[in-house]
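# Remarks on the overall topology
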Amino acid sequence: MRPEFYILSWNDLLVSLVFIAFSVFLIKKWKLGLEQTLLIGTLRTFVQLTAMGYVLTWFFDQQHWAFMLSLLFIMIVIASYEGTRRQKKDIPHFFSAMFVSLLGAAILILGTILLFILDVKPWYSPYAAIPIGGMIIGNGLNSTSLTANRFLGELKHREKEIETLLALGASPKQAVYDAMKESIHAALIPNINAMMTVGLVQLPGVMTGQILAGIDPIIAVRYQIMIMYMWFTTATMANMIMLAIVYRQFFTDKLQLKRELLRDKA
Amino acid sequence: MQADQIFQFKNVSLNVGELSILNELNFSVNKGEFLAVLGASGAGKSSLLRMFNALSSPSSGQIHFRNKPIDIDIQCLRKNVGILFQNPAVFSGSIKENLMIAGRWNHNIAQILDHELISALEQVGLKDIKLKQNAKDLSGGEQQRLALACALLNKPQVLLLDEPTSNLDPKLSRSIMNLVNKLRKNLDLTIIAVSHDHVLMRKYANRVILLSQGQLVGDGTFKALDAKQAFKKAGLLEHEDHDAT
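Thresholds applied
Residues numbered from 1 in each chain as written. Chains lettered and ligands numbered in written order. Predicted model: local features only at pLDDT ≥ 70, side-chain atom pairs only at ≥ 80, totals over all residues. Heavy atoms only, no water. Salt bridge = Lys/Arg side-chain N within 4 Å of Asp/Glu carboxyl O. Buried < 20%, exposed > 50% of the residue type's maximum accessible area, 1.4 Å probe, protein only. Helix = DSSP H or I, 4+ residues; strand = E, 2+ residues; numbered from the N terminus. Expected span 1.5 Å × (residues − 1). Contact = heavy atoms within 4.5 Å. Polar contact = N/O pair within 3.5 Å; in protein donor to acceptor, adjacent residues only side chain to side chain. Patch = residues over 30% accessible without salt bridge, like charges linked within 9 Å, V, L, I, M, F, W, Y side chains within 5 Å. Areas by Shrake-Rupley, 256 points an atom, 1.4 Å probe, with all protein chains shown as cover. Pairing = 2+ DSSP bridges. Axes fitted to C-alpha atoms, helices over the stretch in contact; angles between N-to-C directions. Parallel < 35°, antiparallel > 145°, perpendicular 65-115°, else oblique. Left-handed = near helix turned anticlockwise from the far one by under 90°. Nonpolar A, V, L, I, M, F, W, Y, C, P; charged D, E, K, R; others polar. Buried area = accessible area lost by both parts, 1.4 Å probe. Phe/Tyr/Trp six-rings, centres within 6.5 Å; stacked < 30°, edge-to-face > 60°. Lys NZ or Arg CZ within 6 Å of the ring centre and 35° of its normal. Domains from an automatic or database assignment.

## Re the pattern of salt bridges
Residue and element names in this part refer to chain A. Under the counting rule described, the total for this entry stands at 18 salt bridges over all chains. Here Arg158 ties to Glu161 by a salt bridge, and the two come within 3.4 Å at their closest N and O atoms. Neither Arg158 nor Glu161 differs from the other in exposure class; each is buried. One continuous salt-bridge network, built from bridges that share partners, spans Arg150, Glu154, Arg158, Glu161 and Glu182.

Pasting the structure below:
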């Protein structure tokens, strides 16, 4: 039996506002004081995503490799800026580290998917490159931001250990190896947990969206499996590239820990 | 330049921002010396000590190790110049894992056998400790000795001590310092110890460098500096009462 395709009209969408009304009711009852923030969020979700829909429609009409590469480049620049902005403490050259790590992950993973897995023709078809590229960059951004914050925390926590290792003759990379390992480990746990429980506890968004849009669940599942693998590899790769650049910023060329970078500003 | 000089400091200054920590230091350290670097709190002692194994670099001036600039091969320098920190880092895991930590990059240490590790522990007075024991369970004094054993596995020529006894009671302090002195003789080590406790140091050190507000205000034997009342000038007289002990 062919799956049905449920079209969501503007009127249907209007009905979904009942969820917001219900939330406002609960928030008022508990006197949480979040009504205004929620209403702004509701409006922004509508405006931003509607605008994005029209923008994507225009993007999908563009069939040129230069356009696609420029778009991915802009997405990576924005993600790198956002990642830098999210850092609680300045890390020297963090924008460059983010940019290189996201670019590296995007080239290798998106390239593999477009050319060898989905065999998209032409490879720059926006229908494949934009959503998959967006997922890779978004996932890379979230994961590297978490890892960088954790890494900085590990450096502060392990300052004495790191100096002891340096004093015993370790290189900076050897001295921060445990801190890097712990940071990547912590960032990858959510991805591993998602791989362990996917399909058992939750149905992932992409798969749910595809099924609702009328795609055969078996095909939707295959996409989801590919995406799960892609997410994990993106996180692993982007984190490793980012940390390989970032850890060096904490050492001088004389293999000394820049302790001043670990101090909280007064 | 004398052949037995192991370190030479020439016009060494250290500034942090606009703050002057060390100012135009000129001195040398001879092989086999037990050199005490003394001074009141904030005199710049620990900052100076970190320069001996290039954990910090001077803002200006030059430091030579065995007649060569200290930063020619920093990893090699650090294997030759061990340091025992005031509060030594103890790593998660067993005593053996702590002792072997430098084996990650030092092939010689990676090949050390268990009985050699036990000898290394005995050398620092840790006789009844098992290699499998959790290192974090050791007492403060034992952790100090474990850190010393780790540093000695690199077979250093120089051992730096950063306030080695500041967290220990007087009996344990003397025990650690007796051990260090014994190791100096047995292993032909040069010892450079930073301390604010000149009373304890005068029992072991054969030379003193006295710092006051980043300036070198005395260099010589305790006897010579006593004659010049240098300790009084450097603000260290509060310990005089203990001289008789």
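Following the structure, the description resumes.
## Quick word on helix 7 (residues 170–187) of chain B
All names here are of chain B. With 18 residues, helix 7 should reach 26 Å at 1.5 Å per residue; the first-to-last C-alpha distance of 25 Å fits that figure. Listing the buried residues of helix 7 in full gives Ser173, Ile176, Met177, Leu179, Val180, Asn181, Leu183 and Arg184. Where helix 7 is buried, its residues meet strand 3 (34–39), helix 5 (114–123), helix 6 (140–153), strand 7 (158–162), strand 8 (190–195) and helix 8 (198–201). Backbone nitrogen of Lys171 and a side-chain oxygen of the N-cap are separated by 3.1 Å at the start of helix 7; the cap is Asp169.

## Examining a nonpolar patch on the surface
Residues and elements named next belong to chain A. On the surface, Leu8, Trp10, Leu13, Leu43, Phe46, Val47 and Tyr54 cluster together into a nonpolar patch covering about 790 Å² of accessible area. Broken down by secondary-structure element, the contributors of at least two residues to the nonpolar patch are helix 1 (10–15) and helix 3 (35–61). In terms of residues, the nonpolar patch owes the most to one element, helix 3, which gives four residues. Within the secondary structure, Val47 is located in helix 3. Judged by its relative accessible area of 48%, Val47 falls in the partly exposed class.

## Details of the environment of Phe232 of chain A
Residues and elements named next belong to chain A. You can see Phe232 is positioned in helix 10 (residues 217–246). Judged by relative accessible area, Phe232 falls into the partly exposed class, the value being 22%. Residues Phe232 and Ile189 lie 43 residues apart in sequence; the distance between their C-alpha atoms is 9.9 Å. Residues contacting Phe232, with those up to four places away along its chain left out, are Leu188, Asn191, Ile192 and Met195.

## Some thoughts on the sheet that holds strand 10 (residues 215–220) of chain B
Residues and elements named next belong to chain B. The strand order across the open sheet formed by six strands is 6-7-8-3-9-10, and the pairing between neighbours is mixed. Of all strands in the sheet, those bounded by a partner on one side alone are strand 6 (81–84) and strand 10. Strand-to-strand twist of the sheet, defined as the mean angle between neighbouring strand axes without regard to direction, takes the value 15 degrees. Summarising the sheet, strand 3 and strand 9 (residues 207–212) pair through five bridges and their orientation is parallel. Considered in strand 9, the bridge of Leu38 is made with Leu210.

## With respect to the packing of helix 6 (residues 126–157) of chain A against helix 10 of chain A
Residue and element names in this part refer to chain A. The geometry of helix 6 relative to helix 10 is characterised by a closest axis approach of 8 Å and an angle of 45 degrees between their N-to-C directions. With respect to their mutual orientation, helix 6 and helix 10 come out oblique. Handedness of the crossing formed by helix 6 with helix 10: right-handed. Where helix 6 abuts helix 10, its residues Ile132, Met135, Ile136, Asn139, Gly140, Ser143, Thr144, Thr147, Ala148 and Phe151 lie against Ile227, Met230, Trp231, Thr234, Ala235, Ala238, Asn239, Met242, Leu243 and Val246. In the contact of helix 6 with helix 10, the residues fall into 13 nonpolar, seven polar and no charged.

## Regarding the pairing of strand 9 of chain B
Residues and elements named next belong to chain B. Counting buried residues in strand 9 gives six out of six residues, a clear majority hidden from the surface. Judged by which residues are buried, strand 9 turns out to be covered on both faces: Arg207, Ile209 and Leu211 on one side and Val208, Leu210 and Ser212 on the other are all buried. As defined by bridge partners, strand 9 adjoins strand 10 across five bridges and the pair is classed as antiparallel. The residue bridging Leu210 from the neighbouring strand is Gly218, located in strand 10.

## Section: the interface of chain B and chain A
In this complex, chain B contributes 26 residues to the contact, which on the side of chain A involves 17 residues. The contact between chain B and chain A buries some 2,000 Å² in all, and 56% of this surface belongs to carbon and sulfur atoms. Looking at the side of chain B facing chain A, the largest losses of area belong to Arg78, Phe91 and Trp105 of chain B, adding up to 29% of the total buried there. The tally of links from chain B across to chain A stands at three salt bridges. Summed over the shared surface of chain B and chain A, the number is 11 residue pairs in polar contact (both at pLDDT 80 or more). Mapped by element, the contributors of at least two residues to the side of chain B that touches chain A are helix 2 (74–80), strand 6 and helix 6 of chain B.

## As for the packing of aromatic side chains
Inspection of every chain in the model, using the stated rule, returns 15 aromatic pairs over all chains. Ring centres 6.4 Å apart and planes at 20 degrees place the aromatic pair Phe22 of chain A and Phe25 of chain A in the stacked group. With Phe22 of chain A and Phe25 of chain A both in helix 2 (residues 17–29) and three residues apart, the pair spans about one turn of that helix. On the basis of relative accessible area, Phe25 of chain A is assigned to the partly exposed category, the value being 48%. Arranged with centres 4.9 Å apart and planes meeting at 50 degrees, the rings of Phe9 of chain B and Phe52 of chain B form a pair that is tilted. In this pair, Phe9 of chain B is assigned in strand 1 (residues 5–16) and Phe52 of chain B in helix 1 (residues 45–52), connecting sequence segments 43 residues apart. Here Phe9 of chain B falls in the buried class, since its relative accessible area comes to 2%. Cation over ring: Arg202 of chain B sits above Phe231 of chain B, and NZ or CZ is 5.2 Å from the ring centre.

## Some words on the domain arrangement of chain A
Residues and elements named next belong to chain A. According to the domain assignment, chain A consists of domain 1 (1–61) and domain 2 (63–262). Placing a centre on the C-alpha atoms of domain 1 and another on those of domain 2 gives a separation of 29 Å. Contacts between domain 1 and domain 2 engage nine residues on the former and 12 residues on the latter. Viewed at the interface, domain 2 and domain 1 are joined by zero salt bridges. Remark: the boundary between domain 1 and domain 2 carries zero residue pairs in polar contact (both at pLDDT 80 or more). The residue inventory of the side of domain 1 that touches domain 2, partitioned by class, reads seven nonpolar, no polar and two charged.

## Let's talk about the sheet that holds strand 2 (residues 19–30) of chain B
Residue and element names in this part refer to chain B. What the four strands build is an open sheet, ordered 2-1-4-5; its pairing is antiparallel. Of all the strands in the sheet, the pair left with one neighbour each is strand 2 and strand 5 (68–69). Against the sheet, helix 1 engages strand 1, strand 2 and strand 4 (60–65), with an angle of about 50 degrees to strand 2.

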